[in-house]
There are 2 protein chains.
Amino acid sequence: MTTDDLLTPLLRGDRRALSRAITLVESTRPDHRDRAGRLIAALPDSTALRIGLSGTPGVGKSTFIEAFGTMLTEQGLRVAVLAVDPSSTRSGGSILGDKTRMELLSRNPRAYVRPSPSSAHLGGVARRTREAIRLCEAAGHDVVLIETVGVGQSETLVAQMSDLFILLLAPAGGDELQGVKRGIMEMADLILVNKADGDLLSPARRTVADYTGALRLLRKRPQDPDGFPKAMPVSATTGAGLPEAWSCMRHLADWRREAGHFDRIRAEQARDWFMAELQGGLLAQLDAPDARARISDLGARVTQGALPPVEAARQMLDWLRQPR
Amino acid sequence: MTTDDLLTPLLRGDRRALSRAITLVESTRPDHRDRAGRLIAALPDSTALRIGLSGTPGVGKSTFIEAFGTMLTEQGLRVAVLAVDPSSTRSGGSILGDKTRMELLSRNPRAYVRPSPSSAHLGGVARRTREAIRLCEAAGHDVVLIETVGVGQSETLVAQMSDLFILLLAPAGGDELQGVKRGIMEMADLILVNKADGDLLSPARRTVADYTGALRLLRKRPQDPDGFPKAMPVSATTGAGLPEAWSCMRHLADWRREAGHFDRIRAEQARDWFMAELQGGLLAQLDAPDARARISDLGARVTQGALPPVEAARQMLDWLRQPR
């Protein structure tokens with residue numbers, strides 16, 4: 001196995017090499033997939049911290065990432081920002097498509113902001129993001145922020161590829177507590193209530209108190225030290241609470257490392273990745289142009305009632321089994 | 001293609017043949033799968049009405065099915081009851097595992113109640129249930145009730161294989177409206193608030209009014225005539241509202257038939273079934289004993305950090321591609 005041309009500049013932290021490597025893993029061309037697979041397999045183990053961040057539009061997610069990321073770079077850390085945005089094809093807009101959204105961080109030499117690609121489906125997004133995380137780590141980033149909008153299954157996906165999962169919320173009346181699904185709450189390690197400044201300071205504190213109460217009702221997880229999961233107020237505009245939030249994240253990560261949970265969770269995530277990759281690889285056969293054409297024909301006959309669905313599937317599976 | 005021995009008695013409406021045919025489609029043995037596929041493909045088109053019914057434990061779902069099903073048989077209709085219960089393996093108990101739960105209906109010569117099998121995974125449950133529906137229809141049932149508990153994705157699955165989707169609820173305070181997820185509300189054609197009798201009559205009526213308001217806020221779907229989706233009170237114990245509910249279902253089905261939506265929805269469902277069957281067929285390769293053993297070995301090496309997930313998946317995919 002020859003070493004990929006991208007590997008050396010990537011490990012040196014070359015930004016152009018990193019961008020080209022991410023473009024490579026985003027490609028669906030079979031020769032690109034082969035090359036990407038070999039490149040990923042050649043990467044050294046990671047020592048970076050993977051932080052998943054979810055928040056619905058309007059909570060100030062990009063302002064938070066800009067402020068939080070800038071603070072980390074000022075501490076000498078290198079920060080990468082990736083986005084998981086399965087909705088970008090449908091909505092037409094991408095959460096990170098507009099690079100100007102994080103203008104400051106994008107121009108910061110210690111930061112790397114990657115716009116999210118327009119995506120085909122959630123499985124593809126997951127695979128590409130996992131690989132992009134590994135590439136960012138290999139390029140020497142200490143913290144990889146994986147951002148997602150709070151819709152559908154993307155939060156579960158991001159939690160499954162992060163060491164810490166953070167939920168960013170806006171201040172709200174107590175009634176709106178139910179707006180956050182229980183499943184999402186159960187995944188969160190830290191809930192940050194943003195906009196804790198000016199007129200919204202009091203509502204933000206009340207929201208923190210509400211979520212602190214709600215978090216106490218959740219079942220205790222083995223990977224949580226005392227006091228976690230936890231809710232805190234922050235302000236992305238004034239910077240208030242950001243050092244405390246980072247301190248919490250480090251404490252949590254350190255505790256998990258010492259207690260053995262950090263490596264255990266990563267090992268489980270690696271096995272999940274293997275299974276997802278395996279299933280994705282099998283299903284990818286259906287995306288080949290000749291397979292698509294055949295599926296379209298069979299599908300039309302099924303829709304017309306001319307062919308039972310099970311029989312159509314059998315014919316397609318037989319066709320896939322033929323050596324080509 | 002020789003005709004299956006089960007086909008003739010099945011089409012005659014023989015209950016033992018129906019039970020044996022459903023057992024056949026529930027089997028994962030390859031020779032059984034082959035035979036089941038051929039049997040399903042040989043079935044005539046259906047004229048039965050497929051009614052999906054969801055409701056969390058405690059809303060009186062089995063009492064409702066018993067009363068509603070008995071009413072239909074008294075009108076001369078033949079009724080089959082199937083269950084989609086992806087949780088049955090984990091919880092140990094099955095929603096229809098105890099046949100005595102619907103004692104009256106089970107002994108009714110015009111009804112067929114099938115206990116839910118202990119299930120492997122949602123995909124398998126979906127395939128088997130779709131095939132069991134077709135078998136029940138072929139055996140001469142006019143109405144097929146597909147029951148599910150209100151958890152996870154099982155409701156979406158059942159809605160995808162039903163002509164009408166009904167949500168059964170218990171009377172509740174207005175605050176609890178949010179307990180029903182928006183996605184479920186959007187799938188419902190009819191919301192029935194059960195236990196509208198005795199002390200609960202007033203709360204039930206208020207709940208109906210709350211849901212009537214909530215349903216008005218949803219986007220109008222092309223398949224809905226004026227006034228649908230709709231909320232109504234029923235009592236499974238007194239039988240109040242059951243004739244009205246059935247009248248509503250027939251009106252909705254007739255309207256959709258005349259407007260062309262009935263056949264369009266079935267055609268879309270058939271195409272979805274084809275795709276699900278195709279994907280399931282591909283992924284089924286991973287369930288073979290020798291594949292499982294290999295996945296287990298590779299997974300262990302991934303978990304130990306000895307093999308990157310992508311490389312492990314590549315090795316497994318290569319192995320699957322080898323002719324055996």
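From a predicted model like this one, the values you see are computed outputs, not experimental measurements.

Under the fitted operation, chain B is carried onto chain A by 0.0 Å of movement along the axis and a turn of 180 degrees, and the coordinates agree to an RMSD of 0.1 Å. Each copy turns onto its partner about a two-fold axis. Considering only C-alpha atoms, the part of chain B nearest the rotation axis is Leu282 of chain B, at 3.3 Å. When the interface residues of chain B are mapped onto chain A, 100% of them again lie at the interface, so the same face is used by both copies.

Attention now goes to the sheet that holds strand S1 (residues 49-54) of chain B. Neighbouring strands of a sheet are bound in pairs by backbone hydrogen bonds; such pairs are parallel or else antiparallel. All names here are of chain B. Strand order in the open sheet formed by seven strands is S3-S2-S4-S1-S5-S6-S7, and the pairing between neighbours is parallel. The sheet is open, and its two edges are formed by strand S3 (111-113) and strand S7 (230-233), each paired on a single side. In this sheet, neighbouring strand axes are inclined to one another by 20 degrees on average, regardless of whether the strands run parallel or antiparallel. Strand direction decides the pairing type here: strand S2 (residues 79-84) and S3, joined by three bridges, are parallel. The partner of Val79 across the bridge, within S3, is Ala111. Sheet strands touched by helix H4 (residues 61-74): S1, S2, S3, strand S4 (143-148), strand S5 (164-169) and strand S6 (190-193). Its angle to S4, the strand with the most contacts, is close to 180 degrees.

For the rest of this paragraph, the subject is helix H11 (residues 242-259) of chain A. It helps to recall that an α-helix has 3.6 residues per turn; residues three or four apart then point in one direction. Residue and element names in this part refer to chain A. With 18 residues, H11 extends 26 Å between its outermost C-alpha atoms, agreeing within 8% with the 26 Å of an ideal straight helix rising 1.5 Å per residue. The set of residues buried in H11 consists of Leu242, Ala245, Trp246, Cys248, Met249, Leu252, Ala253 and Arg256. The arc that holds the buried residues of H11, viewed along the axis, is 155 degrees, so those residues lie on one side. With its phi angle positive at about 85 degrees, Gly260 sits one or two positions after the end of H11.

Compared with an ideal rise of 1.5 Å per residue, which puts 15 residues at 21 Å, helix H13 (residues 289-303) of chain B spans 21 Å between its outermost C-alpha atoms and is within 8% of the ideal. Of all the residues in H13 of chain B, the buried ones are Ala291, Ile295, Leu298, Gly299 and Val302 of chain B. Within H13 of chain B, the buried residues cover an arc of 105 degrees as seen down the axis, which keeps them to one side. What points out from H13 of chain B, more than 90 degrees from its buried face, is the exposed set Pro289 and Asp297 of chain B. Against helix H12 (261-283) of chain A together with helix H14 (309-321) of chain B lie the buried residues of H13 of chain B. With its phi angle positive at about 80 degrees, Gly305 of chain B sits one or two positions after the end of H13 of chain B.

Residue and element names in this part refer to chain A. Note that Asp224 resides in the loop between helix H10 (201-216) and strand S7 (230-233). Note: C-alpha distance between Asp224 and Gly37 (187 residues apart in sequence) is 34 Å. Separated by 3.2 Å, the side chains of Asp224 and Arg256 make a polar contact.

On to the domain arrangement of chain A. All names here are of chain A. The domain boundaries assigned to chain A delineate domain 1 (1-42) and domain 2 (43-258). Contacts between the two partners involve 17 residues from domain 1, matched on the other side by 20 residues from domain 2. Here domain 1 packs against domain 2, burying approximately 1,700 Å² in sum over the two surfaces, 58% of which is carbon and sulfur. When the buried surface of domain 1 facing domain 2 is broken down by residue, Arg15, Glu26 and Ile40 rank first, second and third, together holding 34% of it. At the boundary of domain 1 and domain 2, one finds two salt bridges. The residue Arg114 makes a salt bridge to Glu26 at a minimum N-O spacing of 3.1 Å. Across the domain 1-domain 2 interface, the total number found is nine residue pairs in polar contact (both at pLDDT 80 or more). Looking at the side of domain 1 that touches domain 2, the element that brings in the most residues is helix H2 (residues 15-26), giving eight residues. Looking at the side of domain 1 that touches domain 2 residue by residue, the class counts come to 11 nonpolar, three polar and three charged.

Attention now goes to the sheet that holds S7 of chain A. Residues and elements named next belong to chain A. If you walk across this open sheet you meet the seven strands as S3-S2-S4-S1-S5-S6-S7, and the pairing is parallel. Edge strands, defined here as strands with exactly one partner in the open sheet, are strand S3 (111-113) and S7. The sheet shows a mean angle of 20 degrees between the axes of neighbouring strands, direction not considered. Across the face of the sheet, helix H4 (residues 61-74) comes into contact with strand S1 (49-54), strand S2 (79-84), S3, strand S4 (143-148), strand S5 (164-169) and strand S6 (190-193) while running at roughly 180 degrees to S4.

Residues and elements named next belong to chain B. The interhelical angle for the contact between H13 and H14, taken along N-to-C directions, is 160 degrees, at an axis separation of 10 Å. Taken together, the axes of H13 and H14 are roughly antiparallel relative to one another. Relative to H14, H13 is oriented so that their crossing is right-handed. Contacts between H13 and H14 pair Asp290, Ala291, Arg294, Ile295, Leu298, Arg301 and Val302 from the former with Pro309, Ala312, Gln315, Met316 and Trp319 from the latter. Here the residues of the contact of H13 with H14 are counted per class, giving eight nonpolar, one polar and three charged.

Residue and element names in this part refer to chain A. In this chain, Phe228 is followed by Pro229 through a cis amide linkage whose omega measures -10 degrees. With respect to the secondary-structure elements, Pro229 resides in the loop between H10 and S7. The phi dihedral of Lys195 falls on the positive side, at around 70 degrees, and the residue is not glycine.

Bringing the pairing of S6 of chain A into the picture now. Residues and elements named next belong to chain A. Of the two faces of S6, the one lined by Leu190 and Leu192 and the one lined by Ile191 and Val193 are each fully buried. As paired elements, S5 and S6 share four bridges and run parallel to each other. If you follow Leu169 over to S6, its bridge partner there is Val193. Bridge analysis of S6 against S7 gives four bridges, and the strand direction is parallel. Residue pairing across strands places Ile191 opposite Ala231, the latter belonging to S7. For the handedness criterion, the β-α-β arrangement of S6, H10 and S7 is classed as right-handed.

A word on the interface of chain B and chain A. Opposite the 38 residues of chain B that make contact, chain A presents 38 residues. The largest per-residue losses of area from chain B upon contact with chain A belong to Phe274, Leu282 and Val310 of chain B, which jointly make up 20% of the total buried on that side. On inspection of chain B and its partner chain A, the count reaches two salt bridges. The partner of Asp34 of chain A in a salt bridge is Arg314 of chain B, with the nearest N and O atoms 3.6 Å apart. Applying the counting criterion to the chain B and chain A interface returns zero residue pairs in polar contact (both at pLDDT 80 or more). The set of elements that each furnish at least two residues to the side of chain B that touches chain A consists of helix H3 (30-41), helix H12 (261-283), H13 and H14 of chain B. Sorting elements by how many residues they give to the side of chain B that touches chain A places H12 of chain B first, with 12 residues. When the residues that make up the side of chain B that touches chain A are grouped by side-chain class, the tally is 22 nonpolar, eight polar and eight charged.

Cut-off values and rules
Residues numbered from 1 in each chain as written. Chains lettered and ligands numbered in written order. Predicted model: local features only at pLDDT ≥ 70, side-chain atom pairs only at ≥ 80, totals over all residues. Heavy atoms only, no water. Least-squares fit on C-alpha atoms with pLDDT ≥ 70 in both. Contact = heavy atoms within 4.5 Å. Pairing = 2+ DSSP bridges. Helix = DSSP H or I, 4+ residues; strand = E, 2+ residues; numbered from the N terminus. Axes fitted to C-alpha atoms, helices over the stretch in contact; angles between N-to-C directions. Expected span 1.5 Å × (residues − 1). Buried < 20%, exposed > 50% of the residue type's maximum accessible area, 1.4 Å probe, protein only. Arc of directions from axis to C-beta. Polar contact = N/O pair within 3.5 Å; in protein donor to acceptor, adjacent residues only side chain to side chain. Domains from an automatic or database assignment. Buried area = accessible area lost by both parts, 1.4 Å probe. Salt bridge = Lys/Arg side-chain N within 4 Å of Asp/Glu carboxyl O. Nonpolar A, V, L, I, M, F, W, Y, C, P; charged D, E, K, R; others polar. Parallel < 35°, antiparallel > 145°, perpendicular 65-115°, else oblique. Left-handed = near helix turned anticlockwise from the far one by under 90°. Right-handed = clockwise from strand over helix to strand, strands pointing away.

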